[in-house]
Amino acid sequence: MRIGQIAPLFESVPPRFYGGTERVVSYLTDELVRQGHEVTLFASEDSRTLARHVGVGRAIRLDPACRDPIARHVVLLEKVFARAHEFDVLHFHIDYLHYPLSRRAGVACVTTLHGRLDLPDLVPLYAEFADMPVISISDAQRAPLPQLNWRGTVHHGLPRDAYALGRGGGGYLAFLGRLSPEKRPDRAVRLAERAGVRLLIAAKVDPADRAYYETIKPLLRNPWVEYVGEIGEAEKNDFLGNARALLFPIDWPEPFGLVMIEAMACGTPVIAYRCGAVAEIVDHGVTGFIVDGEAQALAAIRAVDGLDRAAIRARFERRFSVEHMALAYTAIYAQQMRLVHTKTDADERAA
């Protein structure tokens, strides 16, 4: 297949630091190339890929000169649709910015929705663009908008060699992600303190979360806590692999939670609150524990050493490999291409 992958411009592909969507796009794009497809990646200029690359500016988060992200994305869209005829399918990862153009492109287009969908402004938008074929990253993600033109659910996947099995020798609990209200680092600190287990927090602070960060600064000085700041991809294996468990104490409808499968790839159990996609990702009692409150979370911390880290890694390989993700996407691409060709044939006959 001739495939165009269209990434957001906020981070490079792959991202230098935090950036779940761009990391998934990177893994998917390179795996599609390895599987023999002709792939072009539309992404920031500082991206790296096995595919052909069309660049638009530096990654926005690392470019202080960028004051208008929408302007950059309009340029991106022009580059994509000027070449749309070169592709069998265009796969977008930029939310809904392209919908008016996709509707008129005459080429198969699909969109993976990577974010939360429980936002009021999305209701009238999808009332207008109800025909747009979209892909969920978990079944739970669909709940606020079940009426959309869903073409499938594809869970994220990672390369098998991206992470190695760890032994959990550090003995600490790990928190990895963003310092934000919905991620609930405050819960993680309380759990560590009550369990009497050291907690390492590796997290970024988005500008939108700066006020929240100021409110929880005192918690980061807790004697049970070590705040190590934002870490890059090269540091994740050691951070997660040496952890006793990953704490994922979220308080929002998490669409997926990439860090959960990153931990599993290291053989590290996940202790996660039952929200969003958690029940689809964590196999309770095998790859970790799904909990409904503090008491259950504390019990899980006590029980987590009884889980088999090699079995966790094996379950990751079976369920969340990049090969599995790429094959699931190409099946949807083929389905969408058939639909577009059928419609084109019907339109020609009607004319």
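Our subject is the structure that appears above.
The structure contained in this document is the topic of the report that follows. (Residues numbered from 1 in each chain as written. Predicted model: local features only at pLDDT ≥ 70, side-chain atom pairs only at ≥ 80, totals over all residues. Heavy atoms only, no water.)

## As for the sheet that holds strand β4 (residues 89–92)
Logical step 1: Read across the open sheet, the 7 strands follow the order β3-β2-β1-β4-β5-β6-β7; overall the sheet is parallel. Each of the sheet's edge strands pairs with one partner strand only, and the pair in question is β3 (52–55) and β7 (149–153). Geometrically, the sheet is characterised by an average inter-axis angle of 25° between neighbouring strands, direction not taken into account.
Logical step 2: Bridge count for β4 against strand β5 (residues 108–113) is 4 bridges, and the pairing is parallel. Within β5, the residue paired with histidine 91 across the bridge is valine 110.
Logical step 3: Along the sheet face, helix α1 (residues 20–34) touches β1 (2–6), β2 (38–43) and β4 and points at about 160° away from the line of β2. (Pairing = 2+ DSSP bridges. Helix = DSSP H or I, 4+ residues; strand = E, 2+ residues; numbered from the N terminus. Axes fitted to C-alpha atoms, helices over the stretch in contact; angles between N-to-C directions. Contact = heavy atoms within 4.5 Å.)

## Considering the packing of helix α5 (residues 185–195) against helix α6 (residues 210–220)
Logical step 1: Between α5 and α6, whose axes approach to 10 Å, the crossing angle comes to 5°. Relative to α6, the element α5 is oriented roughly parallel. Together, Pro185, Asp186 and Val189 of α5 and Tyr212, Ile216 and Leu219 of α6 make up the contact between the two elements.
Logical step 2: Looking at side-chain class alone, the contact of α5 with α6 contains 5 nonpolar, no polar and 1 charged residues. (Parallel < 35°, antiparallel > 145°, perpendicular 65-115°, else oblique. Nonpolar A, V, L, I, M, F, W, Y, C, P; charged D, E, K, R; others polar.)

## Concerning the sheet that holds strand β11 (residues 243–248)
Logical step 1: Read from one edge to the other, the open sheet built from 6 strands follows the order β10-β9-β8-β11-β12-β13, with strand pairing classed as parallel. The sheet is open, and its two borders are formed by β10 (225–227) and β13 (288–291), each paired with just one other strand. Here the strands of the sheet are splayed against their neighbours by 20° on average, with no regard to which way each runs.
Logical step 2: With 3 bridges connecting them, β11 and strand β12 (residues 270–273) associate as parallel partners.

## Describing the packing of aromatic side chains
Logical step 1: Using the criterion set out here, one finds 8 aromatic pairs in the structure.
Logical step 2: Here phenylalanine 42 and phenylalanine 87 contribute two aromatic rings whose centre-to-centre distance is 6.0 Å and whose plane-to-plane angle is 70°, an arrangement assigned as edge-to-face. You can see phenylalanine 42 sitting in strand β2 and its partner phenylalanine 87 sitting in the loop between α2 (69–82) and β4, a full 45 residues away along the chain.
Logical step 3: Under the relative-accessibility criterion, phenylalanine 42 is labelled buried at 0%.
Logical step 4: Residue classification places phenylalanine 87 among the buried residues on the basis of a relative accessible area of 6%.
Logical step 5: Both rings, one in tyrosine 172 and one in phenylalanine 239, keep their centres 6.1 Å apart while their planes meet at 40°; by these two values the pair is tilted. Residue tyrosine 172 is found in strand β8 (residues 172–178), and its partner phenylalanine 239 is found in helix α7 (residues 233–241); the two are separated by 67 residues along the sequence.
Logical step 6: Three or more aromatic residues joined by ring pairs make a cluster, and in this case those are Tyr99, Tyr126 and Phe129. (Phe/Tyr/Trp six-rings, centres within 6.5 Å; stacked < 30°, edge-to-face > 60°. Buried < 20%, exposed > 50% of the residue type's maximum accessible area, 1.4 Å probe, protein only.)

## Thoughts on the environment of proline 249
Logical step 1: In this fold, proline 249 is placed in the loop between β11 and α8 (258–265).
Logical step 2: Assessed through its relative accessible area of 1%, proline 249 is described here as buried.
Logical step 3: Separated by 59 residues in the primary sequence, proline 249 and aspartate 308 place their C-alpha atoms 22 Å from one another.
Logical step 4: In this structure, proline 249 is in contact with Phe175, Lys183, Arg184, Arg187, Ala188 and Tyr273, ignoring residues within four places of it in sequence.

## As for the side chain of histidine 91
Logical step 1: Structurally, the position occupied by histidine 91 is in strand β4.
Logical step 2: A polar contact of 2.7 Å, which involves the side chain of histidine 91, links it to the side chain of threonine 112.
Logical step 3: For histidine 91, the residues in contact, after removing those within four places along its chain, are Gly4, Gln5, Ile6, Leu28, Val110, Thr112, Tyr329 and Tyr333. (Polar contact = N/O pair within 3.5 Å; in protein donor to acceptor, adjacent residues only side chain to side chain.)

## Overview of α1
Logical step 1: For α1, which comprises 15 residues, the first-to-last C-alpha distance of 21 Å matches the rise-based estimate of 21 Å (1.5 Å per residue) to within 8%.
Logical step 2: Among all positions in α1, only Glu22, Arg23, Val24, Val25, Ser26, Tyr27, Leu28, Thr29, Asp30, Glu31 and Leu32 are buried.
Logical step 3: Where α1 terminates, the next one or two residues include glycine 36, which has phi positive at roughly 100°. (Expected span 1.5 Å × (residues − 1).)

## So, the nonpolar core
Generally speaking, a soluble globular protein has its nonpolar side chains buried in company with each other.
Logical step 1: Judged by nonpolar contacts, the single largest core of 84 residues is most densely connected at Leu179, Leu199, Ile201, Phe239, Met260, Met264 and Val270.
Logical step 2: Here this core takes 8 residues from helix α12 (residues 322–350), the largest share from any one element.
Logical step 3: Dropping the residues within four chain positions of it, phenylalanine 239 is found in contact with Tyr172, Ala174, Phe175, Leu176, Leu200, Ala202, Val228 and Ile231. (Core = buried A, V, L, I, M, F, W, Y, C linked by side-chain atoms within 4.5 Å.)

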